[in-house]
Amino acid sequence: MQSEAKIHTEHGTDSSPQGPGCSLRHFACEQNLLSRPDGSASFLQGDTSVLAGVYGPAEVKVSKEIFNKATLEVILRPKIGLPGVAEKSRERLIRNTCEAVVLGALHPRTSITIVLQVISDAGSLMACCLNATCMALVDAGVPMQALFCGVTCALDSDGTLVLDPTAKQEKEARAVLTFALDSVDQKLLMSTTKGLYSNAELQQCLAAAQAASQHVFRFYRESLQRRYSKN
Amino acid sequence: MAAGFKTVEPLEYYRRFLKKNCRADGRELGEFTTTTVNIGSVSTADGSALVKLGNTAVICGIKAEFAAPPPDAPDKGYVVPNVDLPPLCSSRFRSGPPGEEAQVASQFIADVIENSQIILKEDLCISPGKLAWVLYCDLICLDYDGNILDACTFALLAALKNVQLPEVTINEETALAEANLKKKRYLNIRTHPVATSFAVFDDTLLIVDPTGEEEHLATGTLTVVMDEEGKLCCLHKPGGSGLTGAKLQDCLSRAVTRHKEVKKLMDEVIKSMKAK
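What you are looking at is a predicted structure, and each value in this text was computed from that prediction instead of being measured.

Turning our attention to the environment of Ala-177 of chain B. All names here are of chain B. Examined against the element boundaries, Ala-177 turns out to sit in strand S8 (residues 177-186). The exposure class of Ala-177 is partly exposed, given its relative accessible area of 31%. Once the C-alpha coordinates of Ala-177 and Glu-268 are considered, the two residues, 91 residues apart in sequence, prove to be 36 Å apart. Ala-177 has contacts with Phe-66, Leu-131, Val-168, Thr-169 and Ile-170, leaving out every residue within four places of it along the chain.

Structure (structure tokens):
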């Protein structure tokens, strides 16, 4: 399976995995684009774009400090309007996913803050947020035990599976499932679903997501290799 | 002496029990605590239910009011859930605006209602474009000892089954709605979603129906919402340690058995109510 990677800017890479059996949209990533945060990344999936910034490990308020590990905080800002209950729910999902992979024990009594801004939403927003978060954490140099990626699957009314759906496909789908998988053995870290589906369909989606996550991890690796290799 | 050990090393204390395949309160790893449900206790609400899962107690009250249907869906009504975790239920909650836990739980219940299609929003419409019912579902936790999502889902389902809506006719001359309080109908509940929560310990062990302390020490949680045909409405796994496909399958089969238990319990209670 050929995967084309072009260097976009000094710190960015592109990828179009168009091999047989893979239907992910074109994705691109740019790191270290903001000067104030310790780490930042912009992740593009088709037309969906999310900007993530990471501050940390930094000072933590005494009321929030945990004696043996770092306190993680996630702030998700929607493109329009004020953050609401749905954003709080998504922040909790991303925070718990990060807590599972970030080695917080190496930085006790500190805080790691992840701020996400939705630039444009054209489907698979949660997956894009997860990918941007991972890339930003890597850029900030936060120690992690594994990388993680987000993959969205949509099931339409006749049971066909679509990976990385667009906004239109998500709206017409019977069920939309988003998974976060880790890079070591593709275990399921986080899952959030919408709509009704059967157990068999869940297994099918999970298997497809695990296969697709390989592409995303390969893209991460190439992106970072290009960034750190001396030309 | 055990109490001292529990305070100093809570994780080690629980591990000792888990090694022998049982839990600190004497349950098996896959056993639920006693579930108690009381339907129709709040007389001022249109529908209500009180659910106790072990020590966790949640009361759900449903009020029906009139509203104009949304402009983009003139033949639909509204179902507005709200989960409240007051300082009464646990020392970790303060008074003031809803904290993160309450907001996440409210969003979860809203998702369950939306995904499972428990009631058709079209059933709540009285006159398309002019009048529809809005059901305000308020879930208040009275005692927080873990597994709040299961308790809330069950309370909501039981309360919805208890709701009786009066028949509404629109008077032609005055164009006002008149509710006939003598003629009331039950809601058409299409599916029965039941939630089953699990906690993951040390990345390997799965326990069902965690208590508050177990949830605090767990490395991850998972909630599965299933309806009677075995279809999943929600697979809510907010981060935490990774799960393999096989472990996920175990959880799903446990959720199927739990659904049967809960459905049986609820049918018994409703039957005993109607018999009065």
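More follows now that the structure is in view.
Take the pairing of strand S6 (residues 131-143) of chain B next. All names here are of chain B. Looking at chain direction, strand S3 (residues 56-67) and S6 are connected through 11 bridges and run antiparallel. Considered in S6, the bridge of Ile-62 is made with Cys-137. Pairing of strand S4 (residues 78-84) with S6 involves 7 bridges; the strand directions are parallel. Its bridge partner lying in S6, Pro-81 is registered against Cys-137. In the sheet, strand S5 (residues 125-127) pairs with S6 via 2 bridges, with the strands oriented antiparallel. By the bridge assignment, Cys-125 is partnered in S6 with Ala-132. Between the end of S5 and the start of S6, which pair antiparallel, lie 3 residues, with Gly-129 showing a positive phi angle near 85°.

Two strands in a sheet stick together by hydrogen bonds in their backbones, pointing the same way (parallel) or opposite ways (antiparallel). Residues and elements named next belong to chain B. Within the open sheet, the 4 strands sit side by side as S10-S9-S11-S12. Their pairing is antiparallel. Only two strands of the sheet have a single partner each, and these edge strands are strand S10 (205-208) and strand S12 (232-236). Each neighbouring strand pair of the sheet contributes to a mean axis angle of 20°, computed without reference to strand direction. Looking at chain direction, strand S9 (residues 194-201) and strand S11 (residues 220-226) are connected through 7 bridges and run antiparallel. Each residue of the ladder has a partner; that of Phe-198, found in S11, is Leu-222.

Right, let's talk about the layout of surface pockets for a bit. Space inside the second largest pocket adds up to approximately 1,400 Å³. Lining the second largest pocket are 43 residues, with Lys-194 of chain A together with Gln-107, Asp-111, Glu-114 and Asn-115 of chain B sitting closest to its centre. Of all the secondary-structure elements, those providing two or more residues to the lining of the second largest pocket are helix H1 (85-101), helix H2 (125-140), helix H3 (167-172), strand S10 (175-182) and strand S11 (188-195) of chain A together with S4, helix H3 (100-116) and S12 of chain B. A per-element tally of the lining of the second largest pocket places H3 of chain B first, with 8 residues. Class assignment of the residues belonging to the lining of the second largest pocket gives a composition of 19 nonpolar, 12 polar and 12 charged.

Residue and element names in this part refer to chain A. Feature annotation in UniProt places "domain: Exoribonuclease phosphorolytic" (unreviewed entry) on residues 24-143 and 147-211, given in this structure's numbering. Segment residues 24-143 splits into 28% helix and 33% strand. End C-alpha atoms: 28 Å apart. In residues 147-211, the share of helix is 29% and the share of strand is 42%. The end C-alpha atoms are 16 Å apart.

The next subject is the interface of chain A and chain B. At the interface, 28 residues of chain A touch 25 residues of chain B. Between chain A and chain B, roughly 2,500 Å² of surface is buried when both sides are summed, and carbon and sulfur atoms account for 54% of that area. The largest per-residue losses of area from chain A upon contact with chain B belong to Arg-92, Leu-188 and Leu-196 of chain A, which jointly make up 23% of the total buried on that side. For the interface between chain A and chain B, the tally reads 3 salt bridges. With its nearest N and O atoms 3.6 Å apart, the salt bridge here joins Glu-100 of chain B to Arg-92 of chain A. The tally of links between chain A and chain B comes to 13 residue pairs in polar contact (both at pLDDT 80 or more). Secondary structure elements with two or more residues in the side of chain A that touches chain B: H1, S11 and helix H4 (199-228) of chain A.

Definitions and cut-offs
- Residues numbered from 1 in each chain as written.
- Chains lettered and ligands numbered in written order.
- Predicted model: local features only at pLDDT ≥ 70, side-chain atom pairs only at ≥ 80, totals over all residues.
- Heavy atoms only, no water.
- Helix = DSSP H or I, 4+ residues; strand = E, 2+ residues; numbered from the N terminus.
- Buried < 20%, exposed > 50% of the residue type's maximum accessible area, 1.4 Å probe, protein only.
- Contact = heavy atoms within 4.5 Å.
- Pairing = 2+ DSSP bridges.
- Axes fitted to C-alpha atoms, helices over the stretch in contact; angles between N-to-C directions.
- 1 Å grid on protein atoms, 1.4 Å probe; cavity = no way out; pocket = protein on both sides within 12 Å on 5 of 7 lines; lining within 4 Å.
- Points joined across faces, edges and corners; volume = space filled by probe spheres on them.
- Nonpolar A, V, L, I, M, F, W, Y, C, P; charged D, E, K, R; others polar.
- UniProt positions renumbered as here; feature names shortened; annotations may be inferred.
- Buried area = accessible area lost by both parts, 1.4 Å probe.
- Salt bridge = Lys/Arg side-chain N within 4 Å of Asp/Glu carboxyl O.
- Polar contact = N/O pair within 3.5 Å; in protein donor to acceptor, adjacent residues only side chain to side chain.

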